[in-house]
Protein chains: 2
Amino acid sequence: MVKKVVIIGGGDAAFQLVEFGFTRIEGADKDIKITIIKKEKRGWVSVCGLPFVLQGLYRGIDDVEVKEVQSYIDRGIDVRTETTVESIDIENKSIKIVNGEELRYDYLVIATGGIPTIPPIKGAELGGVYALRNEDDAEKIMDAMSKAKNGVVIGAGIIGLQVAVAFQRAGIKTMVTKTRPVLLRSLLDPDMASIVQQRLEKMGVKFALGRKINAIKGSGVVKSVTIDGEEIPADIVEISTGVKPDVDLARKAGIVTGEKGGIVTDRFMHVNKGGRYINNIYALGDCVEVIDAMTYRPSLSQLASTILVQGKVISDNISGISSSSEPCLSPIITLIEDLQIGSVGVTSERASKYGIKIIVGKASKFTRARFTPGKKPITVKLIFDAYSERLIGGQIISEETVAERINELSLSIRKNELIKELCKRERCYDPSLTMVEDVIVTAAEDALSARH
Amino acid sequence: MVKKVVIIGGGDAAFQLVEFGFTRIEGADKDIKITIIKKEKRGWVSVCGLPFVLQGLYRGIDDVEVKEVQSYIDRGIDVRTETTVESIDIENKSIKIVNGEELRYDYLVIATGGIPTIPPIKGAELGGVYALRNEDDAEKIMDAMSKAKNGVVIGAGIIGLQVAVAFQRAGIKTMVTKTRPVLLRSLLDPDMASIVQQRLEKMGVKFALGRKINAIKGSGVVKSVTIDGEEIPADIVEISTGVKPDVDLARKAGIVTGEKGGIVTDRFMHVNKGGRYINNIYALGDCVEVIDAMTYRPSLSQLASTILVQGKVISDNISGISSSSEPCLSPIITLIEDLQIGSVGVTSERASKYGIKIIVGKASKFTRARFTPGKKPITVKLIFDAYSERLIGGQIISEETVAERINELSLSIRKNELIKELCKRERCYDPSLTMVEDVIVTAAEDALSARH
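A brief look at the structure comes next. None of these values were measured; they are calculated from a predicted model. (Residues numbered from 1 in each chain as written. Chains lettered and ligands numbered in written order. Predicted model: local features only at pLDDT ≥ 70, side-chain atom pairs only at ≥ 80, totals over all residues. Heavy atoms only, no water.)

**Overview of the side chain of Lys38 of chain A**
Residue and element names in this part refer to chain A.
Part 1: Within the fold, Lys38 resides in the loop between strand E2 (32-37) and strand E3 (44-45).
Part 2: Although buried, Lys38 forms no salt bridge, and the nearest oppositely charged side chain, Glu40, lies 4.0 Å from it.
Part 3: There is a polar contact of 2.9 Å between the side chain of Lys38 and the backbone oxygen of Gly10.
Part 4: Lys38 has contacts with Gly9, Gly10, Phe15, Gly43, Arg80, Thr81, Glu82, Thr83 and Glu135, leaving out every residue within four places of it along the chain. (Helix = DSSP H or I, 4+ residues; strand = E, 2+ residues; numbered from the N terminus. Buried < 20%, exposed > 50% of the residue type's maximum accessible area, 1.4 Å probe, protein only. Lys, Arg positive; Asp, Glu negative; His and termini not counted. Salt bridge = Lys/Arg side-chain N within 4 Å of Asp/Glu carboxyl O. Polar contact = N/O pair within 3.5 Å; in protein donor to acceptor, adjacent residues only side chain to side chain. Contact = heavy atoms within 4.5 Å.)

**Brief notes about the relation of the copies chain B and chain A**
Part 1: It takes a turn of 180 degrees to lay chain B on chain A, together with a shift of 0.0 Å along the axis; the resulting RMSD is 0.0 Å. On the angle and the small slide along the axis, the relation comes out as a two-fold axis. When C-alpha distances to the rotation axis are compared across chain B, the minimum falls at Glu408 of chain B, with a value of 2.4 Å.
Part 2: Taken as a fraction of all interface residues of chain B, those also at the interface in chain A reach 100%, which identifies the copy contact as same-surface. (Least-squares fit on C-alpha atoms with pLDDT ≥ 70 in both.)

**Structural notes on the pattern of salt bridges**
Part 1: Scanning all chains against the criterion turns up 76 salt bridges over all chains.
Part 2: For the salt bridge of Arg185 of chain A with Glu349 of chain A, the shortest nitrogen-to-oxygen distance reads 2.8 Å. Residue Arg185 of chain A is found in the loop between strand E13 (173-178) and helix H8 (190-202), and its partner Glu349 of chain A is found in helix H11 (residues 348-353); the two are separated by 164 residues along the sequence.
Part 3: For Glu349 of chain A, a relative accessible area of 42% gives the class partly exposed.
Part 4: A single network of salt bridges, built from pairs that share partners, joins Arg24, Lys312 and Asp316 of chain A together with Lys424, Glu437 and Glu445 of chain B.

**Structural notes on the sheet that holds strand E26 (residues 358-366) of chain B**
All names here are of chain B.
Part 1: Taking strand neighbours across the sheet as the criterion, the 5 strands line up as E24-E25-E28-E27-E26 in an open arrangement whose pairing is antiparallel. Looking at the sheet topology across the chains shown, the edges are occupied by strand E24 (332-336) and E26. Sheet twist, expressed as the mean angle between neighbouring strand axes with direction ignored, is 10 degrees.
Part 2: Relative to strand E27 (residues 377-385), E26 runs antiparallel, the two being bridged by 9 bridges. Of the residues in E27, the one forming a bridge with Gly361 is Leu382.
Part 3: Here helix H12 (residues 402-414) sits on the sheet and contacts E24, strand E25 (339-345), E27 and strand E28 (391-398); the angle it forms with E28, its principal contact strand, is near 175 degrees.
Part 4: Packing against the sheet, helix H14 (residues 439-451) makes contact with E26 and E27, and its axis sits at approximately 145 degrees to E26. (Pairing = 2+ DSSP bridges. Axes fitted to C-alpha atoms, helices over the stretch in contact; angles between N-to-C directions.)

**With respect to the interface of chain B and chain A**
Often, the extent of an interface is quoted as the loss of accessible area upon association of its parts.
Part 1: The interface is formed by 66 residues belonging to chain B together with 66 residues belonging to chain A.
Part 2: Roughly 5700 Å² is buried in total at the junction of chain B and chain A, and carbon and sulfur atoms are behind 62% of that figure.
Part 3: For chain B, the biggest contributors to the area lost against chain A are Phe371, Lys424 and Glu426 of chain B; these three give 14% of the whole.
Part 4: Our enumeration of links across chain B and chain A arrives at 12 salt bridges.
Part 5: The tally of links from chain B across to chain A stands at 26 residue pairs in polar contact (both at pLDDT 80 or more).
Part 6: Taken together, the elements giving at least two residues each to the side of chain B that touches chain A come down to helix H1 (12-21), helix H4 (61-64), helix H10 (304-318), E24, H12, helix H13 (419-424) and H14 of chain B.
Part 7: Residue composition of the side of chain B that touches chain A, grouped by class: 30 nonpolar, 18 polar and 18 charged. (Buried area = accessible area lost by both parts, 1.4 Å probe. Nonpolar A, V, L, I, M, F, W, Y, C, P; charged D, E, K, R; others polar.)

**Structural notes on unusual backbone geometry**
Part 1: A positive phi angle is found at Ser330 of chain A, which is not glycine, with a value near 50 degrees.
Part 2: For Ser330 of chain A, a relative accessible area of 17% gives the class buried.

**So, helix H12 (residues 402-414) of chain A**
Part 1: Taking 1.5 Å of rise per residue, 13 residues should cover 18 Å, and H12 of chain A covers 18 Å from first to last C-alpha, within 8% of that figure.
Part 2: Across the 13 residues that make up H12 of chain A, a large majority, 12, are buried.
Part 3: Of the positions making up H12 of chain A, those classed as buried are Val402, Ala403, Glu404, Arg405, Ile406, Asn407, Glu408, Leu409, Ser410, Leu411, Ser412 and Ile413 of chain A.
Part 4: Tucked into the core, H12 of chain A has its buried residues touching strand E24 (332-336), strand E25 (339-345), strand E27 (377-385), strand E28 (391-398) and helix H14 (439-451) of chain A together with H12 of chain B.
Part 5: Following H12 of chain A by one or two positions, Asn416 of chain A adopts a phi angle in the positive range, close to 55 degrees. (Expected span 1.5 Å × (residues − 1).)

**Describing the sheet that holds strand E14 (residues 206-209) of chain B**
Residue and element names in this part refer to chain B.
Part 1: Within the open sheet, the 5 strands sit side by side as E11-E18-E12-E13-E14. Their pairing is parallel. At either margin of the open sheet sits one strand with a lone partner, and together these are strand E11 (129-130) and E14.
Part 2: Where strand E13 (residues 173-178) lies against E14, 4 bridges are found, and the strand directions are parallel. The partner of Met175 across the bridge, within E14, is Lys206.

Put into structure tokens, the structure is as follows:
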């Protein structure tokens, strides 16, 4: 009998579940019937691509629409756009659509994503103030950018800095402001973050970090942002201060959320109601909590890459293949200006917060042999647990090879690699592509000598 | 008391031992007195850089002289160039220099390297026939290239193909010939090697593979090469058919060599004489045998990257830090034309030779999101042990990110990663730098479905 799978939400979580989950399972297309219900009008849009649309890397939003709705309909997948779900009825295995029908499911997948957390700043509702979350936001921001002269970005995380780059490249004088004194705090230690800050300052971006944002001012539309009493002119403001799980629908149905505000799941990605995990309801993506692999505490891992793994676990289980998820390491890569910035595991601050004593190793070298033209500077910081001497965190900044190195460090952490193993592990070498002693090894040697 | 360390040979092995071995050990500069005895006249030359000197990537051989002799003398290291060692006297802990003094040592390191294996082809001794092994060879070849019109490369390994690229770029019509039918056979399966062949053919290089090389012809200088009876015009010929360990000196002293012709060492890199490992004599580099990590059989791993690890083991042990080497995986990266070619572990042919049943996974995708400009095609082939389902080999070809991916695969192999672990391991994602589902994961998924 064909299993009816209903997915609520039409972001990366829904479409990755289909593309990288069900699609790879032999016979899944005959065994299951998928319905996707989403609020937005487009098909599978790469939300991660939107900041680069603003930067002009792509020709427009159409470029980051990976697949259109019709292509799913052609494959027999029922994608209902501009449709909102009103409620979930767990008892009756059905959902109710706003102003519409009731839909029965055999398996339900909650992929409702996240919503921007807008801090309570006076004037945040003014025209010209945006939060970049989906393709509709991107369209509005692009439109506003074409007329703007002065921009303020509130928040100094990945999205905020990517938007700041977009503003600055578009000729908008841009200031990045944040109440905390450092940027990219969840990814980088301050010494590493300063490399990014310097690069952005070089392109003209101003920073007001560790300052109080008093108000956004204007009448109808934004005119300025008051920071620590100082009035900064702004005709465009972007607020990127994080995303919280969108769990209203789930909570209304009695589904349990946890200390980080996300839906709680077991390792099979089943949701929980009244202390019991429900065999036919799954959740994934920005709306769920994960278990952090370094602290074993609940955490949010709102990354497209986390979804990939969760989607495979869910599609396997629905298809009858037992499959569970591991605690999350959440390796991160991002491009800010021409710097590739990568991070995995704990930062020094996070280690300190959890009482983990650390040994740090750091090195700055080149990606390729010193005598090779085109070599790029690269800085690596490694964080080891002082007791076990195993790798628990890594941060890398360069103009090339960072993503792949973060993947290697993720595996190192996952497989409990020790300082001394890293120092003596074989790595491939060709002067046109690498250095004889790689920067990661030099950083590990630095930690080794710090240990003595 | 200061320990006197004498190193015979002045290639990568000797200088890496100093630079990445002793230099990092606190106090080593005060505790030991190093003498390096070498035949050539320059300091530390990157032999791996020489093919790129021929290709014009660097301005000349001076560029790949990483450090000059004087810089070592300034540091108190006694580097004796253009000096040949006549014999080793293990009993008396001394060596004798040709026409010269006797030198006493506390620790001896044999780093005599390798010598090209020239196949017994008639005419191989003619003028215009070269083998690229050291900087002196490179100088002669560069000089000859400036006048040559037609070139033949005998051998289709890394060096041979890199020289072919240099010839072709210099406007020399080039043919690569080999008695075996495939190129890069120690690194790649034929399906992967064909990607490289096609790229080289596109730039004009001709191939005569699986053909018999009858003779090199000419009077005094080369005029042609006869291949399967056909006369191919050639005013320059390069022979790259491998390197054998240079062990004459060691053998004369009674030091044991093994089935692959290299010096046998224990895990601490001690050489063996009469069934006993000698505590104060070490060997490393192209002159030694290693233990292969996949077959546990003796093997040659004539790579600069292997030396790095061996040098650390030797410097640790001489400095009193117990340190041993692991069986070698020998990850390889090379740049041929604009293709980065990487390989680690066993190829299909090698697995078959050792009776290992395999599961293969393969995928061709892009390095970055489909919608990202500048993305490069990438092909990955993964080889898993059919019984344990763990990774035992990997081959990658692309124009970017190959070296770092090979390092990751090396760690996967080293840490016994399984197909299903690879499929569900977290990887970092940003559309401007990676794909949501990386090509390595897609290849692993391919193997997973081949397994069912």
